[in-house]
Amino acid sequence: MTDTPLLLTLVVPADVSESLLEALLDAPDLARGFTTSPAEGMGAAVRYTDTTQAVRGRAAYLRIEILLDEPRAAALLARLKPRFANPRIFYWLTPSLGHGRFA
């Protein structure tokens, strides 16, 4: 286990993003705060949910970023994975070399 904070990035299909956001808001002990931004998935591995996405060659996603320590990251993933078992939800963990507020 490391003391380095981690950035958990979740990329969630638009059709399940609201329920996953609600799950994060219901877990303030693990996800104390987070940032979201729209994202588009492209490439051979992307599954389209409708004809418009297939024609455009892009699928709508929501990107969620959460800064947290390793135990909270593990606990949050353990809570979310069974509830949102979906091959279209991607995640990765990245060490944060620095963070803070400007004031």
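Going along each chain's sequence as written, the residues are numbered from 1 onward. Whole-chain, interface and lining totals are the exception, using all residues; otherwise, since this is a predicted model, local features are given only for residues with pLDDT of at least 70 and side-chain atom pairs are given and counted only at 80 or more. Hydrogens and water molecules were not included; the side-chain quantities draw on all heavy atoms of the structure.

Draft legend 1. Main features of the pattern of salt bridges. One side-chain nitrogen of Lys or Arg within 4 Å of one carboxyl oxygen of Asp or Glu is enough to make a salt bridge. Enumeration over the complete set of coordinates arrives at 4 salt bridges. A salt bridge links arginine 79 to aspartate 29; the nearest nitrogen and oxygen atoms lie 3.6 Å apart. Here the residue arginine 79 occupies a position in helix H3 (residues 70-83), and aspartate 29 occupies one in the loop between helix H1 (14-25) and strand S2 (35-41), the gap between them amounting to 50 residues. Between arginine 72 and aspartate 69 there is a salt bridge, with the nearest N and O atoms lying 3.0 Å from each other. Judged by relative accessible area, which is 24%, arginine 72 ranks as partly exposed. Exposed residues in this analysis have more than 50% of their type's maximum accessible area, buried residues have under 20%, and partly exposed residues fall in between, with area computed by a 1.4 Å probe over protein chains only. Overall, the relative accessible area of 31% leaves aspartate 69 in the partly exposed class. Elements are defined by DSSP. Helices are runs of H or I of four residues or more, strands are runs of E of two residues or more, and each kind is numbered from the N terminus.

Draft legend 2. Looking closely at the side chain of serine 96. Relative to the helices and strands, serine 96 resides in the segment after strand S4 (90-95). Residue contacts are defined here by distance: any two heavy atoms, one from each residue, within 4.5 Å place the two residues in contact. Look past the residues within four positions of serine 96 in its chain and what remains in contact with it is Thr4, Pro5, Leu6 and Leu67.

Draft legend 3. A look at the sheet that holds strand S1 (residues 6-13). Between any two strands, at least two bridges found by DSSP are needed for them to pair. Spatial ordering of the open sheet is given by S2-S3-S1-S4, a layout of 4 strands whose pairing is antiparallel. Lying at the two open borders of the sheet, with one neighbouring strand each, are S2 and S4. Strand-to-strand, the axes of this sheet are offset by a mean angle of 25°, without reference to chain direction. With 6 bridges joining them, S1 and S4 adopt antiparallel strand pairing. The residue of S4 that forms the bridge with leucine 7 is threonine 94. In this analysis, axes come from line fits to C-alpha atoms, helices being fitted only over the stretch in contact, and the angle between any two N-to-C directions falls in the range 0 to 180 degrees. Its contacts with the sheet place H1 against S1, S2 and strand S3 (59-68), and it is angled at close to 140° to S1.

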